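Take a look at the letters that make up each chain.
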Amino acid sequence: MIEDLAVAKAATFFKARKKLSDKAVESVFTTLRATYGVKAHNIFKHTREVLGNARWSAICFMFEAPPAFLDSTSGIKETLCGYLMLIEYENHFSVFSSRIGLPAAFKSTHFAPVPISRVEGAIATENAVFHKMRMRNMSVSQYVMRNKTLEAPNLANVVGPAGSRRYAPQTYSVTTDGVQSTATPSTGRIGVRSDRVGQPELVEFATGVIDALRTEPADVSPFIRTFARPMSLADALSSSQPITLAIDTNKLTDAVVGDNAIIRLVRVGDEVFALTASELGDLTAKLEHALTIEDGGKRRSAKLPGTNDDAAAISLNKSRIALRSLTLGGADEIEIEALEMPLGGDPDRRSLQQYLDEENAFVVLFDDVRLSYIDGQVFRDETMLDGGASFLRYLHADASLQTVTSEKGNFVAGQTAFDAASTFGAVVDHIAATDTTLVCDDLGDEWADFVGIKEIGGLTQISFYHAKHGALEVSAASFHVAVSQAIKNLGNMSFPEERMAAKIQGWGGTYNGPGQATQIPKTVRSNGANLADTFTSARTAPDALRRAVIVTSSLSKQAVADAFAAMQAGQRPSHTFVQLYWLLQSFFSACTEVGATGSVVCQP
């Protein structure tokens, strides 16, 4: 019945790690039938038949599985039909399938990933027009927009380099010479829009794509070059070392939750228990902690900062980084099952660490701050080739922060102004001195420590100041709270109308410091007009400039410049500097996403 097959031209492509034999194909087909509990005859089965210069194998059978909308313990099953076709050609494989998949052990033995540069060279050609793209941010920060999807008739006309340079493409759709293709380079998934076709046309499609993948990449699209660029792991390791590890919890959650879920997380003991939604939330929260990778040889341990306990381990292989162990957040007690299998009935059940390794669901940062290992591939942010100048432009030095000794100062009854030696005092007296309207929004339903408004050449400038104090160091530690607060409140920079009445009323009082009421007015300055009118005018200004400003005494711009200069001279940066760089890049990127400008005011 193979002649009745009619499916879309879409497959996953691999390089061959080990050649196939008739025995290997027959064995995996037998394993598939056992895995899915098949007792009936196959609808069709073909083993390594020849068509042109390719060999193809296929199997199709009926099997029973619990309905997705019923608990697996209900005992109710529905009858499904699945198929799989495997094509061998020129030391490559392509896999077409629906509802059934090859065992992980078979794939790891016989398949190797196609390099992302090869997929890019085959699909993202110089004359390709991009219509849709899903991207992954190169940062490990919990506060950044990790993924985003863009769609337009021609993305090159609407997406500028400033909005794309810190993102690595994951999936994109393009049209080339009238043919629309979709590619997911990290998995080797490639498809073209077409009518449903049969087995001979699928073989023809697969061999054509493989020929394109075998060709040395020529010029790729200028648009794709504005994003982070792929490079080989060997080249990355020749001049830099891994320094930070983070689990891609988004990829894990996407596979567990929602209509497209394909796995379940379980605890295995005398019985098998599926993780509840609450337990999944607790696990992912713990897995989001960034780990510091220790120096070493091929295998390297990763620890929570400030501890000596191994939380994970990686292995630096020739073409990929492997996740060798994971105990962070109790991950070593969690296993993975296919959702279509009854609870406890998956013969291919494996540890969470094995699943994350197979899916490349982790991110590694290097001491070269331009590099990030995402989805099994190293990407480089080539805009960092200027020695850090583009990053330093976001840092503004203010000498008033050199004499700051606390964040808010001490408070006494009757006090009418913030201490001059506090970060709050520096904001009022120096950093926001030209704002004609300035209100203190600290404590309670806090949008920022201070909100400022002023007119510049007919344009309205709105500033949210987030003031912090800490020991002077080049580290991300003192920035996490400020960055979190700033990103969380970016939406409030438009002054939501339904929330303004309560805000205006609160700004009419005096500041109550920790443990002490004062006479410091929350409305530090006003332009003389009604405060509500001022904010209404700012909210409705069509040309408003919005700024999220972190004001801190814990960082020196010169120290950051010195760190970049040392890197240019060949010195390895500290892991704390790498994490600071990526955390602040996440902040600047998040501001750009909403049409605002992010910056840091710090010591000279």
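Calculation notes
- Residues numbered from 1 in each chain as written.
- Predicted model: local features only at pLDDT ≥ 70, side-chain atom pairs only at ≥ 80, totals over all residues.
- Heavy atoms only, no water.
- Pairing = 2+ DSSP bridges.
- Helix = DSSP H or I, 4+ residues; strand = E, 2+ residues; numbered from the N terminus.
- Axes fitted to C-alpha atoms, helices over the stretch in contact; angles between N-to-C directions.
- Contact = heavy atoms within 4.5 Å.
- Buried < 20%, exposed > 50% of the residue type's maximum accessible area, 1.4 Å probe, protein only.
- Phe/Tyr/Trp six-rings, centres within 6.5 Å; stacked < 30°, edge-to-face > 60°.
- Lys NZ or Arg CZ within 6 Å of the ring centre and 35° of its normal.
- Arc of directions from axis to C-beta.
- Patch = residues over 30% accessible without salt bridge, like charges linked within 9 Å, V, L, I, M, F, W, Y side chains within 5 Å.
- Areas by Shrake-Rupley, 256 points an atom, 1.4 Å probe, with all protein chains shown as cover.
- Salt bridge = Lys/Arg side-chain N within 4 Å of Asp/Glu carboxyl O.
- Parallel < 35°, antiparallel > 145°, perpendicular 65-115°, else oblique.
- Left-handed = near helix turned anticlockwise from the far one by under 90°.
- Nonpolar A, V, L, I, M, F, W, Y, C, P; charged D, E, K, R; others polar.

Participant: Would you mind going over the sheet that holds strand 20 (residues 334-338) with me for this structure?
Facilitator: The pairing of strands in a sheet happens through backbone hydrogen bonds and is either parallel or antiparallel. Taking strand neighbours across the sheet as the criterion, the 4 strands line up as 15-14-20-21 in an open arrangement whose pairing is antiparallel. Two strands lie at the open edges of the sheet, namely strand 15 (272-274) and strand 21 (350-351), each paired on one side alone. The pairing of strand 14 (residues 263-268) with strand 15 spans 3 bridges and is classified as antiparallel. When the sheet's bridge partners are listed, Val268 is paired in strand 15 with Val272.

Participant: Can you walk me through the sheet that holds strand 27 (residues 450-456) in this structure?
Facilitator: Across the sheet, which stays open at both edges, the 7 strands sit in the order 25-33-32-28-27-26-31 with mixed pairing between neighbours. The open sheet has two free edges, formed respectively by strand 25 (395-397) and strand 31 (523-525), since each of these has just one partner strand. Looking at each pair of strands side by side, their axes are set apart by 25° on average, direction ignored. Taken together, the 6 bridges between strand 32 (residues 545-556) and strand 33 (residues 597-603) define a ladder with parallel strand orientation. Each bridged residue has a counterpart across the sheet, and for Val551 the counterpart in strand 33 is Val601. The strands touched by helix 13 (residues 531-540) within the sheet are strand 26 (437-440), strand 27, strand 28 (459-468), strand 31 and strand 32, with strand 26 carrying the most contacts at an inclination of about 105°. Relative to strand 33, helix 15 (residues 575-593) is tilted by about 140°, and along the sheet it contacts strand 25, strand 32 and strand 33.

Participant: Looking at this structure, I do not really get the side chain of Arg136. What am I missing?
Facilitator: Within the secondary structure, Arg136 is located in strand 7 (residues 129-137). The exposure class assigned to Arg136 is buried, which follows from its relative accessible area of 3%. With near-sequence residues (within four places) excluded, Arg136 lies in contact with Arg146, Asn147, Arg166, Tyr167, Ala168, Gln170, Asp248, Val363 and Ile374.

Participant: When you look at the packing of aromatic side chains in this model, what are you seeing that I'm missing?
Facilitator: The description of an aromatic ring pair uses the distance of the two centres, along with the angle that the planes make with each other. Considering all chains together, one arrives at 30 aromatic pairs under this definition. Seen in terms of ring centroids, Phe418 and Tyr511 are 5.2 Å apart; in terms of plane orientation they differ by 70°. Their pairing is edge-to-face. Placement of Phe418 in the loop between strand 25 and helix 10 (423-431) and of Tyr511 in strand 29 (residues 510-513) is noted, with a sequence separation of 93 residues between them. For the pair Phe418 and Tyr511, a shared accessibility class is recorded, and that class is buried. Where Trp507 meets Phe535, the ring centres are 4.8 Å apart and the plane angle is 35°; that geometry is what we call tilted. Of this pair, Trp507 sits in the loop between helix 12 (497-506) and strand 29 while Phe535 sits in helix 13, placing them 28 residues apart in sequence. Accessibility expressed as a relative area gives 1% for Phe535, which makes it buried. Ring pairs connect the aromatic residues Phe391, Tyr394, Phe564, Phe577, Tyr581, Phe587 and Phe588, which therefore count as one cluster. When the ring centre of Tyr167 is taken as origin, the NZ or CZ atom of Lys148, which lies over that ring, is 4.5 Å away.

Participant: What should I look at first to understand helix 6 (residues 249-256) in this one?
Facilitator: Think of an α-helix as turning once every 3.6 residues; residues three or four places apart then point the same way. Within the sequence span of helix 6, burial applies to Thr249, Leu252, Ala255 and Val256. Projection of helix 6 onto a plane perpendicular to its axis shows the buried side chains occupying an angular sector of 130°, all on one side. Contact partners of the buried residues in helix 6: strand 13 (242-247), strand 14, helix 7 (277-287) and helix 8 (352-358).

Participant: I'm lost on a nonpolar patch on the surface in this one. Help?
Facilitator: The grouping of Phe69, Leu70 and Ile76 at the surface amounts to a nonpolar patch, some 330 Å² of accessible area in total. By the secondary structure assignment, Leu70 is in the loop between strand 3 (54-65) and strand 4 (78-89).

Participant: In this structure, what is going on with helix 3 (residues 116-123)? I would like to understand it.
Facilitator: Turning to helix 3, its buried residues are Ile116, Val119, Glu120, Ala122 and Ile123. Along the axis of helix 3, the buried residues cluster in a sector spanning 165°; they form a single face. On the buried face of helix 3, the contacting elements are strand 9 (167-176), strand 10 (179-184), strand 11 (189-192), helix 4 (199-214), strand 12 (229-231) and strand 24 (377-380).

Participant: Hey, could you run me through the packing of helix 6 against helix 7 in this one?
Facilitator: Axis angle and axis distance: for two packed helices, these are the angle between their axes and the distance between the axes, and together they describe the pair. The interhelical angle for the contact between helix 6 and helix 7, taken along N-to-C directions, is 160°, at an axis separation of 10 Å. With respect to helix 7, the element helix 6 is oriented roughly antiparallel. As helix 6 runs across helix 7, the sense of the crossing is right-handed. Residues Thr249, Leu252, Thr253 and Val256 of helix 6 pack against Leu280, Thr284 and Leu287 of helix 7. Classifying every residue of the contact of helix 6 with helix 7 by side-chain character gives 4 nonpolar, 3 polar and no charged.

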